[in-house]
Amino acid sequence: MKITNASKGGKLYSDTTAHTPEGQNSGPWGVIQILNDAKFHTLSGTIDGVAHTTSGSAPSIPSGTALEGQFSALQLHSGSVIAYYA
């Protein structure tokens, strides 16, 4: 899959620390691409039902999925993602 709106770059996340957009492109993320099957503790933005505070209740999102929207925070339970700036 080609991410078409990634001209501002992105950042890889594969830990369980809470993250927000940072640096010179500190606006929201527009696409979150799932690299390895992922579960979110937190995903703040325009998609509901993707995150859950306990890993057993969080849906597993398969690798290759791209979540499009406006996202301001993320925290993983597991997996890895690239968050592209909007």
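Up top is the structure these notes are about.
Residues numbered from 1 in each chain as written. Predicted model: local features only at pLDDT ≥ 70, side-chain atom pairs only at ≥ 80, totals over all residues. Heavy atoms only, no water.

### Section: the overall build of the protein
- Within the protein, the regular secondary structure consists of 0 helices and 3 strands.
- Tracing the protein from N to C terminus, the helices and strands come up as β-β-β.
- Put simply, of all contacts in the protein between residues at least 6 apart along the chain, 75% involve residues at least 24 apart.
- Approximately 4,500 Å² of the protein is accessible, and the part contributed by carbon and sulfur atoms is 47%. (Helix = DSSP H or I, 4+ residues; strand = E, 2+ residues; numbered from the N terminus. Contact = heavy atoms within 4.5 Å. Areas by Shrake-Rupley, 256 points an atom, 1.4 Å probe, with all protein chains shown as cover.)

### A look at the packing of aromatic side chains
- Applying the stated criterion to the full structure yields 1 aromatic pair.
- Ring plane angle 70° and centroid distance 5.8 Å describe the contact between Y13 and W29, whose orientation is recorded as edge-to-face. Separated by 16 residues along the polypeptide, Y13 in strand β1 (residues 10-13) and W29 in strand β2 (residues 29-45) bring together distant segments of the chain. (Phe/Tyr/Trp six-rings, centres within 6.5 Å; stacked < 30°, edge-to-face > 60°.)

### Description of the pattern of salt bridges
- Per the counting criterion, the structure on display carries 1 salt bridge.
- K11 is the partner of E22 in a salt bridge, and the nearest nitrogen-oxygen pair spans 2.8 Å. Here the residue E22 occupies a position in the loop between β1 and β2, and K11 occupies one in strand β1, the gap between them amounting to 11 residues.
- Judged by relative accessible area, E22 falls into the partly exposed class, the value being 37%. (Salt bridge = Lys/Arg side-chain N within 4 Å of Asp/Glu carboxyl O. Buried < 20%, exposed > 50% of the residue type's maximum accessible area, 1.4 Å probe, protein only.)

### Topic: the side chain of S80
- Here S80 lies in strand β3 (residues 66-85).
- A relative accessible area of 9% means that S80 is categorised as buried.
- If we ignore the near neighbours within four places in the chain, the residues touching S80 are L12, Y13, S14, Q33, I34, L35 and N36.

### Concerning the environment of A86
- Relative to the elements of secondary structure, A86 occurs in the segment after β3.
- Residue classification places A86 among the partly exposed residues on the basis of a relative accessible area of 36%.
- Each C-alpha atom of the pair A86 and G27 lies 6.8 Å from the other, and the pair is 59 residues apart in sequence.
- Setting aside its immediate chain neighbours within four residues, A86 contacts K8, P28, W29, G30 and Q70.

### Notes on the sheet that holds β2
- Spatial strand order, β1-β3-β2: 3 strands in an open sheet with antiparallel pairing. Looking at strand neighbours, the two that pair on one side only are β1 and β2, the edges of this open sheet. Here the average twist between neighbouring strands, direction ignored, is 35°.
- Pairing analysis gives 16 bridges linking β2 to β3, with the strands arranged antiparallel. Among the inter-strand pairings, S44 is bridged to a residue of β3, identified as A73. (Pairing = 2+ DSSP bridges. Axes fitted to C-alpha atoms, helices over the stretch in contact; angles between N-to-C directions.)

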